[in-house]
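A structural walkthrough
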Amino acid sequence: MRIGITGTGRIGAFHAKTLLGVPGVDGLVVTDFVPESAAKVAADLGQSAVPDLDALLATGVDALVVTSSSSAHAPAVRAGLAAGIPVFCEKPVAAELGEAIDLARLEAVSTTPVHIGFQRRFDAGYRRLRDAVHSGELGFVHSIRAATHDQAPPHAAYIPTSGGIFRDCSVHDFDIVRFVSGREVASVFATGGNKGADFFREAGDVDTGAAILTLDDGTMVTVTATRYNGAGHDVRMEVHGSEGAMAAGLDDTLAIRSAQPGATFPAGPAHQSFMERFQPAYVAELTYFVDVARGAAPSPCTVADGLAAARIAEAAQRSKDSGRPVALSEIPGLG
């Protein structure tokens with residue numbers, strides 16, 4: 001199987017190297033808006049580089065991996081579907097909600113699978129949480145706490161095109177809340193603030209955000225995000241139920257220190273980036289995608305799933321901007 005990759009930045013280069021280690025993958029064809037980037041990745045891995053996506057598809061690849069900038073996601077997914085080849089697309093499925101809705105409608109009438117890259121679905125801790133919730137091990141779930149705390153902010157130039165902290169950062173939490181709980185979000189109340197660099201405020205964004213989600217069964221969910229967590233990259237989830245509680249991301253890499261005298265947990269060191277935190281999950285995710293591309297497995301995270309997470313992020317942004325709770329019924333969807 002030959003796989004095409006459009007976008008050869010940090011995550012694209014990582015995915016390229018990972019895919020070459022997956023059984024059944026015989027080669028790669030890569031492209032990027034910056035030709036030098038694609039050429040370097042191709043040279044480093046002994047693979048082929050082409051000028052653009054059209055040239056890539058013309059080589060007859062068996063599947064497409066989309067790791068380009070967010071604004072290029074929807075056109076690339078459309079091109080893959082038009083070519084009739086399975087597509088893996090990193091989040092977000094599209095830069096705009098309307099584009100995501102259109103793609104979900106296209107997916108619904110297509111026989112070609114699309115796999116949206118929310119890698120936490122393949123993290124062992126989150127999958128264990130899902131099993132505990134769905135088996136009833138924790139009793140009825142009454143509250144969930146989810147966090148995505150980056151060790152340091154991205155470059156200033158990234159923020160104006162990121163979509164904002166809820167669409168760019170918390171969207172991972174919004175997706176994994178649906179995955180773990182098996183429920184849908186009914187309403188969102190969100191806020192945010194800035195204590196860091198001015199470029200967040202200048203771009204109309206915040207460097208720290210929080211949201212309270214009410215699920216359709218009444219479960220309360222708190223989601224927090226920040227670009228400034230100097231202790232390390234902190235991504236975790238707690239699920240609290242009537243018969244027990246369990247957490248993902250609660251191990252010796254936890255980016256927090258105990259204030260209790262004599263406490264030695266966590267031993268450290270803390271993770272410093274999402275690539276480090278979720279490296280095994282990324283490998284598992286791409287290995288699964290190869291099975292999707294072979295026709296041996298269904299998509300584990302469809303465009304419709306990506307749209308669901310995007311709608312929650314949209315509700316959070318509207319809530320922050322308006323200062324009021326926003327019902328998901330207010331956010332456009334497939335209708």
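Reading the values: rules and limits
Residues numbered from 1 in each chain as written. Predicted model: local features only at pLDDT ≥ 70, side-chain atom pairs only at ≥ 80, totals over all residues. Heavy atoms only, no water. UniProt positions renumbered as here; feature names shortened; annotations may be inferred. Helix = DSSP H or I, 4+ residues; strand = E, 2+ residues; numbered from the N terminus. Phe/Tyr/Trp six-rings, centres within 6.5 Å; stacked < 30°, edge-to-face > 60°. Lys NZ or Arg CZ within 6 Å of the ring centre and 35° of its normal. Pairing = 2+ DSSP bridges. Contact = heavy atoms within 4.5 Å. Axes fitted to C-alpha atoms, helices over the stretch in contact; angles between N-to-C directions.

Quick word on the UniProt feature "domain: Gfo/Idh/MocA-like oxidoreductase N-terminal" (unreviewed entry) in the protein chain
Sequence positions flagged by UniProt for "domain: Gfo/Idh/MocA-like oxidoreductase N-terminal" (unreviewed entry) are, in local numbering, residues 1-117. Taken end to end, residues 1-117 has its terminal C-alpha atoms 20 Å apart, with 44% of it in helix and 21% in strand.

Considering the packing of aromatic side chains
The full count for this structure, using the stated rule, is five aromatic pairs. Each ring, one from F200 and one from Y228, has its centre 6.1 Å from the other, and the planes form 65 degrees; the classification is edge-to-face. Note that F200 is positioned in helix 8 (residues 198-202) and Y228 in the loop between strand 10 (220-226) and strand 11 (234-241), a separation of 28 residues in sequence. Positioned over the ring face of F122 is R127, at 5.6 Å from the centre of the ring. A cation over an aromatic ring shows up here: R277 above the ring of F278, its NZ or CZ 4.3 Å from the ring centre.

Notes on the pairing of strand 8 (residues 185-193)
Both strand 8 and strand 9 (residues 208-215) contribute to a ladder of eight bridges, which runs antiparallel. Following the sheet pairing, A190 is matched in strand 9 by A211. Alignment of strand 8 against strand 13 (residues 326-327), held across two bridges, turns out to be antiparallel. Among the inter-strand pairings, V188 is bridged to a residue of strand 13, identified as V326.

Notes on the sheet that holds strand 9
If you walk across this open sheet you meet the seven strands as 12-11-7-10-9-8-13, and the pairing is mixed. The open sheet has two free edges, formed respectively by strand 12 (245-248) and strand 13, since each of these has just one partner strand. Against the sheet, helix 11 (residues 303-322) touches strand 8, strand 9 and strand 13, its axis set at about 50 degrees to strand 8.

Examining the sheet that holds strand 1 (residues 2-6)
What the six strands build is an open sheet, ordered 3-2-1-4-5-6; its pairing is parallel. The open sheet has two edge strands, strand 3 (48-49) and strand 6 (114-117), and neither has a second partner. With three bridges joining them, strand 4 (residues 63-66) and strand 5 (residues 87-90) adopt parallel strand pairing. Looking at the pairing, V65 lines up with F88 of strand 5. Lying on the sheet, helix 1 (residues 10-20) is in contact with strand 1, strand 2 (27-31), strand 4 and strand 5; it crosses strand 1 at an angle near 170 degrees. Relative to strand 5, helix 4 (residues 73-83) is tilted by about 175 degrees, and along the sheet it contacts strand 1, strand 4, strand 5 and strand 6.

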